[in-house]
Amino acid sequence: MSERRAPAIYNIAAHGGFADALAQGLIDRFAKDVFGLARGLVILPNNRARRALQEAFVRLSEAGLLLPQMAVIGDLELDESIGVALDGGELALDIPAAVDPMDRLLTLAGLIERDRAIRGDAILAKDALRLAREFARTLDQLTVEEISLAELRKTEPESLDLSRHWQDSYRFFLTIAEKWQQHLDQLGRIDEASRRNQLFNQISQNWRASPPDHFIVGAGITTSAPAIARFLETISFLPAGMVVLPDLDMIMPDDEWDLLGPFKADPDSGAKKRAQETHPQYHMKLLLDRMSIARAEVMRWPRTGESGAAAKRSKALSNAFAIPKLTARWQSLETNERSLAGVRTLEARNSAEEAQGIALLAREALEEPQRRVAIVTPDRALAARISAHLERWKITVDDTAGQLLSKEPEGVFFLALLAALADDFPPAELLALLKHPLVEAGEGRLAWLEQVRRLDLLLRGPRPAPGLDGIDILLRDPNYRTETLRKAVQPWWSDVRKRFEPIAALPSGKYIWAELLSAIRELANDLTQGKIWAGPAGRELAALLSDLESRSELGPSTIKSPELPGYFETWFATISVRPAYGGHPRIALYGLLEARLQQADLVICCGLNEGSWPQAVTPDPWLAPMIRTSLGLPAQERQIGLSAHDLVGAMGAKNVILSRAHRDSGGPAIASRFLLRLKAMCGDNLKEHPVAASWIRAIDHPDESTPVDRPAPVPSRAQRQIRMSVTQVDRLIADPYAFYANKIMGFASLDMIDADPSAAWRGTIIHDILDKWAKDDNYDPSGLKKRAEDFLNDRSSHPLMRSLWAPRLMQGLRWIAESVEANRKAGRVPAASEISGKAEIAGVKLSGIADRIDLMPDGSLAIVDYKTGGPPSNRAVKEGFNLQLGLLGAIAELGGFDDLAGQATGFEYWSLAKKSGSDQFGFVQSPTKGRADNIIAADAMVDHATACFNDAVDQYIAGNTPMTAKLHPEYARYADYDQLMRLEEWYGRTALDEGGHE
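Residues numbered from 1 in each chain as written. Predicted model: local features only at pLDDT ≥ 70, side-chain atom pairs only at ≥ 80, totals over all residues. Heavy atoms only, no water.

Things to note about the overall build of the protein
Tallying secondary structure elements over the protein gives 38 helices and 25 strands in all. Taking 998 residues into account, the globule formula puts the C-alpha radius of gyration at 30 Å, and the protein, at 38 Å, lies well above it. With the C-alpha coordinates of the protein rotated into their principal frame, the extents come out at 125 × 65 × 65 Å. Taking all 998 residues of the protein together, 52% fall into the buried category. Summarising the internal contacts of the protein: among those between residues at least 6 apart in sequence, 77% fall at separations of at least 24. Summed over its atoms, the accessible surface of the protein is roughly 46,300 Å², and 50% of this surface lies on carbon and sulfur atoms. The distance from the centre of the 117 positive side-chain charges to the centre of the 135 negative ones in the protein is 2 Å. (Helix = DSSP H or I, 4+ residues; strand = E, 2+ residues; numbered from the N terminus. Rg over C-alpha atoms; globule rule 2.2 N^0.38 Å. Buried < 20%, exposed > 50% of the residue type's maximum accessible area, 1.4 Å probe, protein only. Contact = heavy atoms within 4.5 Å. Areas by Shrake-Rupley, 256 points an atom, 1.4 Å probe, with all protein chains shown as cover. Lys, Arg positive; Asp, Glu negative; His and termini not counted. Charge placed at Lys NZ, Arg CZ, Asp CG, Glu CD.)

Below, the structure is given as structure tokens:
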């Protein structure tokens, strides 16, 4: 251009309603001719802004319009999308194509992985991928800021007094950057950021040489990159060009504007003042500086949208976000200058209440016809909660920021599949996979779930042997669970096992990448019958797998199975699934990027806590902050300023609600610095929403609540006529409700999946070892040691048992062997092991299993019960809460044990635990020996147990006594039925019962 004219650059304030104001201004200027708008080009920052402008044109057009062409500066093929301005052959652009983003990421990950391997510092595939992504981001920042590798090489980290870590990271970055550049040269490609720079530069050059004969508008663009700044500068000086900025602060005094920076270095000292990069207007000032345009040259856009707030709010927001050294002036502001009329706050106790309150406010706003609502939050978990609450009123809201693929059902299924594969099909991960809703969805789903539930019952308890073979072992074990259950599962499991065999047969340890991807895809397709690839999330997942398979030579050549879930989670972390539009037309849920340039009658800004809005600053793992500063790269804190600008833009609506929660999922939360600024300046002028808090408390809470009574069911006489074992008698006396739930209702407690070995599990194992030692080895001391060692060395035994409990187990069993041998020499002979007996006592058929019965020298019997932990106290036995030994003695005296009868005179607990005050494992305790006030005479033990049992039968079996929950809580220590009895809702608030126990 031979003659410089004044730039055509405009501003639409935050309260101006950007999309409507821009559309109306363009209609006023160019729509007089029916083709006037259609000949023009509007360049916007992103696709969401393009849609907002299209909707604004539709709202404002009365008889229809031919819309202008719209392009987005983020498009890779920007030269094609602005073709209306490049339709002349002399303006054709000749710029190398950009390298494919996935090719770039995989290649960088490979370079990092190989370089670390050469250094002898191996790195996981997921970490290499993560570092590659961060490397690409840093490299793009250098490219955008037009800083070459040559300039980077001139940096001397030693002179900056950096730690050894940062010096190594700097050199590593240079090494990878140089290798990457060589790779690009071989391909004849360039990076996306470099292509955009060249594209903007060449278009600017062409337009300056030959200005288009139609209007061009750059609207809503705030990126301060040098190439984009020159591009916008070119547009502003075109004969028919205009630049329209969003939310530029035209009210801020010039002296304050100058304090934002950036600053030039002092010519003498070389020192440079720090710019105010966290200020919401800093990047706008930097953009104008790079465009060589003064703020005074920016004009106000002639039109204003109808949904904006009063102009005085912009003044208040400008004051609120003043740089720190100027905030003292808040004290001298007039009341109306500190007022944010139309803005309310909402502070909930936690994130759940915050989501509930926002949904209620949105629901109320939609009662008014034509009113539009925008919910803005960077917290995706909070956004998901809000969407779920709105479904209460059948309001479907489009979350324009999308949901991470890892949170979608397809992503959850795929990660569950990888988790099962990674650890050789452990029970919890395998069951989670088989139960997933996408597996066998359709007519056969119910039958499939029935078999999965049976497998679930089989896998309860400690983890079996690894792999699919471990489950086969359980199904073949005649001593494991019931035969009926095992036989019901076996045919189904054989079919399921065949579906997993191809992937299980791959070489263990490290997988060949191409083979593994193919096997995973085939298995996922088989288990879901192809349904995993349907829908938006399924298509994203299919595209990812397809891209990885087609580039298998770029992926990790081999990968260890434990790395699989983490590797794909790293991929999923950057893939957002945006559902097809079709939600409620008057409500939208935005992330910060998507909310820019949008407008609504009510805007709810939520999640205003530190770490959320603004989000936590993520440090650059490659270049130290001092290196970034010396190069002129943006400080990481600049994101805070952008977040502040987003908040100011959102607060331009007529009605605004600012919400936060005092606690989030991580614990107590700190209010956002932005919200604290607004409160500090406005004081009492910034008021809370008058009724939102009460709505939150009322919607899910009744006006009055009915306290839960202590459960005390009264079963019928017919229901009480049941058999029981001696171990269940103690439960009947201490916790009648638990007995009722177990024996009468048939509710059996279940072990956890993949549980650590419990005391009951350890007891079962030790009882089995001792029983086989007695029956097969005839109590040979060496035989017991060998059986214990064989169990511990068995691959199927639990690793905790093999490592942590092996020493104490061996010591305890050695003590048992020595004690039995000493008894035999003294004439006390073991007569039976794990022997079952039954007898009818007080009209009840009572059964029991004695761990061991010894024949005493005088012909009487001694009842022995093995304990892996401490035995019950003598007091518990005397008070009638541990009757097992006495009742087994009663069964023996009644001839209930086959071929074994006589008077029971010995009653002993043999414990494998440490005795108090001793370092040795193993001791004997008997309720017939000890302090005189806590013992029962041996000849009275059977009578005492029988009498206590008769009393219990009279009350609960033959009688009509309610089966009260936790009747004697000090002896009802098991919590199997606490949830069923709703213990926490009544325990501790009930009065003393008749027995004097709480």
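Some words on the sheet that holds strand S6 (residues 299-300)
Read across the sheet, six strands follow the order S3-S2-S4-S5-S1-S6 without closing on themselves; strand pairing throughout is parallel. Across the chains shown, the open sheet's two edge strands, defined by having one partner strand only, are strand S3 (69-72) and S6. For strand S2 (residues 41-44) and strand S4 (residues 216-219), the ladder comprises three bridges, and the chain directions are parallel. Note on S4: the bridge partner recorded for leucine 41 is isoleucine 216. Across the sheet, helix H1 (residues 18-30) is in contact with strand S1 (9-12), S2, S4 and strand S5 (241-246); its angle to S5 comes to roughly 160 degrees. (Pairing = 2+ DSSP bridges. Axes fitted to C-alpha atoms, helices over the stretch in contact; angles between N-to-C directions.)

A word on helix H5 (residues 125-144)
Between its terminal C-alpha atoms H5 stretches 28 Å, which fits the 28 Å expected from 20 residues at 1.5 Å a residue. Downstream of H5 by one or two residues, glutamate 146 has phi in the positive range, about 60 degrees. (Expected span 1.5 Å × (residues − 1).)

Notes on the nonpolar core
Across soluble globular proteins, you tend to see nonpolar side chains buried next to one another. Ranked by size, the top nonpolar core spans 94 residues in total, and within it Trp493, Phe500, Phe568 and Trp571 carry the most contacts. Broken down by element, the residue count for this core peaks at nine residues, all from H5. Those residues in contact with tryptophan 493, other than ones at most four positions away along the chain, are Leu430, Leu455, Leu468, Ile471, Asp472 and Leu475. Membership of the second largest hydrophobic core comes to 57 residues, among which are Ala734, Ile744, Leu887 and Ile936. (Core = buried A, V, L, I, M, F, W, Y, C linked by side-chain atoms within 4.5 Å.)

What to know about the pattern of salt bridges
Any two side chains of opposite charge can pair if their charged atoms end up close together. As enumerated under the stated definition, the model contains 56 salt bridges in all. Here arginine 521 makes a salt bridge to glutamate 522, at a shortest N to O gap of 3.0 Å. Through salt bridges that share partners, Asp100, Asp103, Asp547 and Arg551 make up one connected network. (Salt bridge = Lys/Arg side-chain N within 4 Å of Asp/Glu carboxyl O.)

What to know about the pairing of S1
Of the two faces of S1, the one lined by Ile9 and Asn11 and the one lined by Tyr10 and Ile12 are each fully buried. Pairing analysis gives four bridges linking S1 to S5, with the strands arranged parallel. The residue of S5 that forms the bridge with isoleucine 9 is valine 243.

Considering helix H18 (residues 467-476)
Burial within H18 is extensive, with seven of its 10 residues counted as buried. If you check which residues of H18 are buried, you get Gly467, Leu468, Gly470, Ile471, Asp472, Leu474 and Leu475. If you follow the buried residues of H18, they end up packed against helix H16 (427-435), helix H17 (445-458) and helix H19 (483-504).

Examining unusual backbone geometry
For the peptide bond that leads from glycine 261 to proline 262, omega is -5 degrees, which places it in the cis range. Of note in the backbone geometry, glutamine 529 takes a positive phi value of approximately 55 degrees without being a glycine. By secondary structure assignment, the location of glutamine 529 is in the loop between helix H20 (513-528) and helix H21 (535-550). Residue asparagine 778 is not a glycine yet carries a positive backbone phi of 50 degrees. Its location among the elements puts asparagine 778 in the loop between helix H31 (759-777) and helix H32 (781-793).

Looking at the pairing of strand S14 (residues 587-590)
Neither face of S14 is left uncovered, since the one carrying Ile587 and Leu589 and the one carrying Ala588 and Tyr590 both have all their residues buried. Direction of pairing for strand S8 (residues 373-376) relative to S14: parallel, over a ladder of four bridges. Bridge assignment links isoleucine 375 to a residue of S14, and that residue is leucine 589. Relative to S14, strand S9 (residues 398-399) is paired through two bridges, and the arrangement is parallel. Across the sheet, the residue bridging to aspartate 399 is leucine 589, located in S14.

With respect to the packing of aromatic side chains
Within a pair of aromatic rings, the relevant descriptors are the distance that separates the centres and the angle that separates the planes. What the rule picks out here adds up to 22 aromatic pairs. For the pair phenylalanine 414 and phenylalanine 572, a centre-to-centre distance of 6.1 Å together with 50 degrees between the ring planes defines the contact as tilted. Within this pair, whereas phenylalanine 414 is found in helix H15 (residues 409-422), its partner phenylalanine 572 is found in helix H22 (residues 564-572), the two being separated by 158 residues in sequence. For phenylalanine 414, a relative accessible area of 0% puts it in the buried group. What makes phenylalanine 572 buried here is its relative accessible area of 0%. Through pairs of rings, three or more aromatic residues link up here, namely Phe414, Trp513, Tyr567, Phe568 and Phe572. Over the face of the ring belonging to tryptophan 393 we find arginine 392, whose NZ or CZ atom lies 5.9 Å from the ring centre. (Phe/Tyr/Trp six-rings, centres within 6.5 Å; stacked < 30°, edge-to-face > 60°. Lys NZ or Arg CZ within 6 Å of the ring centre and 35° of its normal.)

Some thoughts on the environment of leucine 457
Residue placement: leucine 457 occurs in helix H17. Between the alpha carbons of leucine 457 and glutamate 540 there is a distance of 36 Å; along the sequence they are 83 residues apart. Sequence-distant contacts of leucine 457, defined by excluding residues within four places in its chain, comprise Arg481, Leu485 and Leu750.

Examining the side chain of threonine 143
Following the sequence through the fold, threonine 143 ends up in helix H5. When neighbours within four sequence positions are excluded, threonine 143 is seen to be in contact with Ala193, Ser194 and Asn197.

Looking at the sheet that holds strand S19 (residues 687-688)
The sheet built from seven strands is open, its strands ordered S9-S14-S8-S15-S16-S7-S19 with parallel pairing. For this open sheet the edge positions go to S9 and S19, each flanked by a neighbour on one side alone. Lying over the sheet, helix H13 (residues 351-365) contacts strand S7 (343-348), S8, S14, strand S15 (602-605) and strand S16 (655-661), oriented at roughly 165 degrees with respect to S16.

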